[in-house]
Amino acid sequence: MDLKQQAISGVLWNSIGKFSAMGIEFVVGIILARLLSPKEFGLIGTIMVIISLSQVFINSGFNQALVRKQDCSQADYSTVFFFNLAVGFFLFLILLLSAGAISQFYNNPELKPLIQIVGLGLIISALTMIQSTRLIKQIDFKLQTKISVIASVISGIVAVSLAFNGFGVWSLVAKYLTNQTVNSALLWMWSRWKPDWVFNYNSLKDLFAFGSKLLLSGLIGTFFTNIYYVVIGKYFSPSDLGFYTRAELFKNLPSQNISDILTSVSYPVLSKVQHDPEQLKAVLQKMITTTFFVVALLMFGLAAVAKALIITLVGLQWSQSIIYLQML
């Protein structure tokens, strides 16, 4: 299969996976919004800011560096695997010890046990970052689609069951951890890659030369994307943050998923033509232009139907989210 066919197949399977998982998450989100309060969504939204920043440190740009490198060895993969795992354990320990201070910062003691439990997801995700990276590098999104759909279905069933039985915010915690666990377990079973007991410092240094730039970029992007959560969580109530997170969820469903589909497929494709500047420029320009027009049209449409969408799907208790969604 040539590069063009690989890219088309990758876009197709990634689209199927993203939109299938998106549909499942959308349905589960609607059910949970009717079973839970805005406050509970606000609490989990506050925590996910910390998790998002921690995930950037775990990756450290190494995964993208591996995709970009043309001749990755087993030593490269194994070295980054053990580095990711070590960083995951280290960050989990930090969250475990600093959970009390973070909850005091937000003036909300409910956050402490939530942060400590959700932090386990950092270790779980670190276990399979290399398996996922190898599939991306091979532009193999068929297996990733299968895994993401199964993980979304199982985690959704667990979360709805717990919410229906009165577990409140813990049903959202269980949803996150179940999704991470199922996703990691299936990647270990089906990706057919296992690490060797190897750690090559020179390999790590070589990959970090490129990955460090992506680490810095990721930290800046994640910080500015989530700064609203920090400010709202600090100076407003968890319910206010819950309204905001619900609006952002509706906004991100079409825009973020379309961007992710094109980015995840285009990155390994662009990596293969990185030595041809003209072709690289042409492909990148086409990708950005296409993404912009598709997302812009969807966003105008979403703003127009925001009121009917929110009231119909999640009920009047979420009506405060309407103006946020239109502005976003």
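Residues numbered from 1 in each chain as written. Predicted model: local features only at pLDDT ≥ 70, side-chain atom pairs only at ≥ 80, totals over all residues. Heavy atoms only, no water.

A.B. asks: Explanation requested: the overall build of the chain in the structure shown.
C.D. replies: Along the chain, the regular secondary structure elements total 14 helices and zero strands. Overall, the chain shows an N-to-C arrangement of helices and strands of α-α-α-α-α-α-α-α-α-α-α-α-α-α. Relative to the 2.2 N^0.38 estimate, which gives 20 Å for 328 residues, the radius of gyration of the chain is 20 Å and therefore close to what a compact globule would have. If you line up the chain on its principal axes, its C-alpha atoms span 55 × 45 × 35 Å. A buried classification covers 46% of the 328 residues belonging to the chain. Residue pairs at least 24 apart in sequence account for 84% of intrachain contacts in the chain once pairs closer than 6 positions are excluded. Surface exposure of the chain reaches about 16200 Å², of which carbon and sulfur atoms provide 68%. (Helix = DSSP H or I, 4+ residues; strand = E, 2+ residues; numbered from the N terminus. Rg over C-alpha atoms; globule rule 2.2 N^0.38 Å. Buried < 20%, exposed > 50% of the residue type's maximum accessible area, 1.4 Å probe, protein only. Contact = heavy atoms within 4.5 Å. Areas by Shrake-Rupley, 256 points an atom, 1.4 Å probe, with all protein chains shown as cover.)

A.B. asks: What is the right way to read the packing of helix α4 (residues 74–105) against helix α10 (residues 201–235) from this model?
C.D. replies: To describe two helices that pack against each other, one gives the angle between their axes and the distance between the axes. The N-to-C vectors of α4 and α10 enclose an angle of 25°; their axes lie 15 Å apart at closest approach. As the angle between them shows, α4 and α10 are arranged roughly parallel. When you trace α4 past α10, the crossing you get is right-handed. Across from Asp76, Thr79, Val80, Phe83 and Phe105 in α4, the residues of α10 making contact are Ser203, Leu204, Leu207, Val230 and Lys234. (Axes fitted to C-alpha atoms, helices over the stretch in contact; angles between N-to-C directions. Parallel < 35°, antiparallel > 145°, perpendicular 65-115°, else oblique. Left-handed = near helix turned anticlockwise from the far one by under 90°.)

A.B. asks: Sorry, what's going on with the packing of aromatic side chains here?
C.D. replies: What the rule picks out here adds up to 14 aromatic pairs. Note on Phe41 and Trp318: the rings are 5.4 Å apart at their centroids and 80° apart in plane angle, and the pair reads as edge-to-face. Of this pair, Phe41 sits in helix α2 (residues 38–59) while Trp318 is found in the loop between α13 (306–314) and α14 (321–327), placing the two residues 277 residues apart along the sequence. Its relative accessible area of 9% is what places Phe41 among the buried residues. Geometrically, the ring pair formed by Phe243 and Trp318 is edge-to-face, given 5.8 Å between the ring centres and 85° between the ring planes. Note that Phe243 is positioned in helix α11 (residues 238–272) and Trp318 in the loop between α13 and α14, a separation of 75 residues in sequence. The pair formed by Phe243 and Trp318 is uniform in burial state, with each residue classed as buried. (Phe/Tyr/Trp six-rings, centres within 6.5 Å; stacked < 30°, edge-to-face > 60°.)

A.B. asks: What am I meant to see in the packing of α4 against helix α7 (residues 129–137) here?
C.D. replies: Axis separation between α4 and α7 bottoms out at 9 Å; the angle between their running directions is 140°. As judged from the angle between their axes, α4 and α7 are oblique. Counted together, Tyr77, Val80, Phe81 and Asn84 of α4 and Met129, Ile130, Arg134 and Lys137 of α7 form the full contact between these two elements. Among the residues making up the contact of α4 with α7, the classes are represented as five nonpolar, one polar and two charged. (Nonpolar A, V, L, I, M, F, W, Y, C, P; charged D, E, K, R; others polar.)

A.B. asks: I would appreciate a short explanation of unusual backbone geometry in the present structure.
C.D. replies: Trans is the prevailing form of peptide bonds, just as negative phi is the prevailing case for residues other than glycine. For Asn107, which is not glycine, the phi torsion reads 55° and is therefore positive. One can find Asn107 in the loop between α4 and α5 (111–118). Despite not being glycine, Arg192 shows a phi value in the positive range, around 60°. Secondary-structure assignment places Arg192 in the loop between α9 (169–190) and α10.

A.B. asks: Help me understand the nonpolar core, please; the structure alone is not making it clear to me.
C.D. replies: Nonpolar side chains tend to gather and get buried jointly when the protein is soluble and globular. Core analysis: the biggest nonpolar cluster contains 56 residues, and Leu32, Ile47 and Ile115 have the highest contact counts within it. Formed by seven residues, the second largest nonpolar core is a distinct cluster that contains Leu143, Ile147, Ala151 and Leu187. (Core = buried A, V, L, I, M, F, W, Y, C linked by side-chain atoms within 4.5 Å.)

A.B. asks: Just checking my understanding: could you explain α4 for this structure?
C.D. replies: Turn by turn, an α-helix covers 3.6 residues, leaving residues three or four places apart pointing in a common direction. When the terminal C-alpha atoms of α4 are compared, their 44 Å separation across 32 residues agrees well with the 46 Å that a helix rising 1.5 Å per residue should span. Ser98 marks the point of greatest bend in α4, at about 55°. Asn107 occupies a position one or two residues after α4 and carries a positive phi of about 55°. (Expected span 1.5 Å × (residues − 1). Bend = angle between axes of the 7 residues up to and from the residue.)

A.B. asks: Hey, could you run me through the side chain of Glu248 in this one?
C.D. replies: Tracing the backbone through its elements, the reader meets Glu248 in helix α11. Summary of buried charges: Glu248 has no salt-bridge partner, and the nearest side chain of opposite charge, Lys251, is 4.2 Å away. Apart from residues no more than four positions distant in its own chain, Glu248 is found in contact with Tyr229 and Leu328. (Lys, Arg positive; Asp, Glu negative; His and termini not counted. Salt bridge = Lys/Arg side-chain N within 4 Å of Asp/Glu carboxyl O.)

A.B. asks: Is there a simple way to explain a nonpolar patch on the surface in this structure?
C.D. replies: A cluster of nonpolar side chains, contributed by Val27, Ile31, Leu35 and Phe164, occupies part of the molecular surface with about 380 Å² of accessible area. The element best represented in the nonpolar patch is helix α1 (residues 3–35), accounting for three residues. Note that Ile31 resides in helix α1. (Patch = residues over 30% accessible without salt bridge, like charges linked within 9 Å, V, L, I, M, F, W, Y side chains within 5 Å.)

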